[in-house]
Amino acid sequence: MTLGRAAHESTPAPRRTRGIPSEPLGEAVREASAVLAAGGLAALPTETVYGLCADARSAEAVARLYAAKGRPASNPLIVHVADLEAARAVADLGPAGEALAARFWPGPLTLVALRRADSGIAEAASAGGPTIAVRVPAAPLLRAVAAEVGPLVAPSANRSGRVSATTASAVYEELEGRIDLVIDGGPSPIGVESTVVDVTGAPRILRPGAISADAVAAVAGPLAEAPRSRGPLRSPGLLASHYAPRARLRLDVPAASVAPAEAWLALGTETSAAPPERTFRLSETGDLAEAARRLYAGLRALDATGAAVIAVSPIPAEGIGAAIRDRLARAAAPRPEPADPA
Ligand code: TXA
Ligand code: MG
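From a predicted model like this one, the values you see are computed outputs, not experimental measurements. (Residues numbered from 1 in each chain as written. Chains lettered and ligands numbered in written order. Predicted model: local features only at pLDDT ≥ 70, side-chain atom pairs only at ≥ 80, totals over all residues. Heavy atoms only, no water.)

### Thoughts on the packing of helix α4 (residues 94-104) against helix α7 (residues 213-220)
Angle between the axes and distance between the axes are the two parameters that describe a pair of packed helices. It is at 9 Å that the axes of α4 and α7 come closest, and there the two elements cross at 120°. If you check the angle between α4 and α7, you find them oblique. Once α4 is placed against α7, the crossing between them reads as right-handed. On α7, the residues that touch Ala-96, Ala-99, Leu-100, Arg-103 and Phe-104 of α4 are Ala-215, Val-216, Val-219 and Ala-220. Of the residues assigned to the contact of α4 with α7, the class counts are eight nonpolar, no polar and one charged. (Axes fitted to C-alpha atoms, helices over the stretch in contact; angles between N-to-C directions. Helix = DSSP H or I, 4+ residues; strand = E, 2+ residues; numbered from the N terminus. Parallel < 35°, antiparallel > 145°, perpendicular 65-115°, else oblique. Left-handed = near helix turned anticlockwise from the far one by under 90°. Contact = heavy atoms within 4.5 Å. Nonpolar A, V, L, I, M, F, W, Y, C, P; charged D, E, K, R; others polar.)

Okay, structure coming up:
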């Protein structure tokens, strides 16, 4: 599938990537704000995954961000704002969006809504479309920086198509030399990206996340079905290969069917033919919130063993398990070309 001209066709200028801790908070806010106000790129921790931030009102900064990630220009970004009022200045949330915002913001919820004509957001952030994705994150640092600098685009801090980063060191692995600053706030507390809900019509889940479909429906009413096809402007990341390690993934594999040459992403305490050094346990107690927190670190660790195949335990689809299954399915999806980072 072609998503349009890939921004990675133009290589970004090399830059020195600095790292600082997220505490003391005031200092981290000052450093990040200075970088972002100058049009630079800074990776910041959020409650879901690390986000690569740029000033959403600067076309140059947004273009730089697409280039640093190697992200196709047709895949729009989420605008992160400090509060509900700032979200309303960017998008017309509508009744369902207002209700969801009141219940779940600040938090791991992204609303896709009609973009306001006077939003001031760079066109490229919404890939030239009539809608815009907006989120008020719970992470105090990102919210404070957005209050200081204004709306920030913040996609996950990974190269396009690859596994998201849930630690500062994973951000370095992905983006060192391509961005200006990484702020280390420790491991991400949720571990998978926000739930994306399209509220331009009957509410519809575009990407499952920590907030379950049932929780969304309880507030917004019955949900429309997710689109079956990968409509370019609905949510380009939805069905394409994404969140992908180098190794091939084999999903829903019972412990007894894991082969000795495979790496194993396990849930629970069962044993398999995979050697211990190629086994990563998402949660020994089968706790899905813990499994979500450890998912991307597990994929990265098993990928680093050099195994050609990662076998994955069956993950129940309940609660945040639906988001884990969604990411695994996309990580397992056929890739356009083995070396294509998009
Ligand atoms: O938790 C998160 O949402 C993280 C943290 C950093 O906030 N961000 C994140 O951004 O996951 P990103 O860019 O990796 O994923 C954004 C998703 C993509 O699948 C994109 O296609 C979709 O949201 N999206 C953005 N704008 C959209 C729009 N206007 N219509 C439909 N889908 C949209
Ligand atoms: Mg992403």
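### Brief notes about the pairing of strand β9 (residues 181-184)
For strand β1 (residues 18-21) and β9, the ladder comprises four bridges, and the chain directions are parallel. Residue pairing across strands places Arg-18 opposite Leu-181, the latter belonging to β9. Direction of pairing for strand β2 (residues 42-44) relative to β9: parallel, over a ladder of two bridges. Bridging across to β9, Ala-43 finds its partner in Val-182. (Pairing = 2+ DSSP bridges.)

### Observations concerning the nonpolar core
The biggest cluster of nonpolar side chains holds 47 residues, and the ones touching the most others in it are Leu-100, Trp-105, Leu-111, Val-153, Val-171 and Ile-179. Elements supplying a minimum of two residues to this core: β3 (51-55), α2 (59-69), α3 (84-90), α4, β6 (109-115), β7 (131-135), α6 (168-175) and α7. In terms of residue count, the dominant contributor to this core is α2 (five residues). Not counting chain neighbours up to four residues away, the residues in contact with Leu-111 comprise Leu-93, Gly-97, Leu-100, Ala-101, Trp-105, Ile-132, Ala-133, Val-134, Val-197 and Val-199. Counting residues in hydrophobic clusters, the runner-up holds 28 residues, among them Phe-280, Ala-323, Leu-328 and Ala-331. (Core = buried A, V, L, I, M, F, W, Y, C linked by side-chain atoms within 4.5 Å. Buried < 20%, exposed > 50% of the residue type's maximum accessible area, 1.4 Å probe, protein only.)

Functional significance is not addressed by these values, which are geometric in nature.
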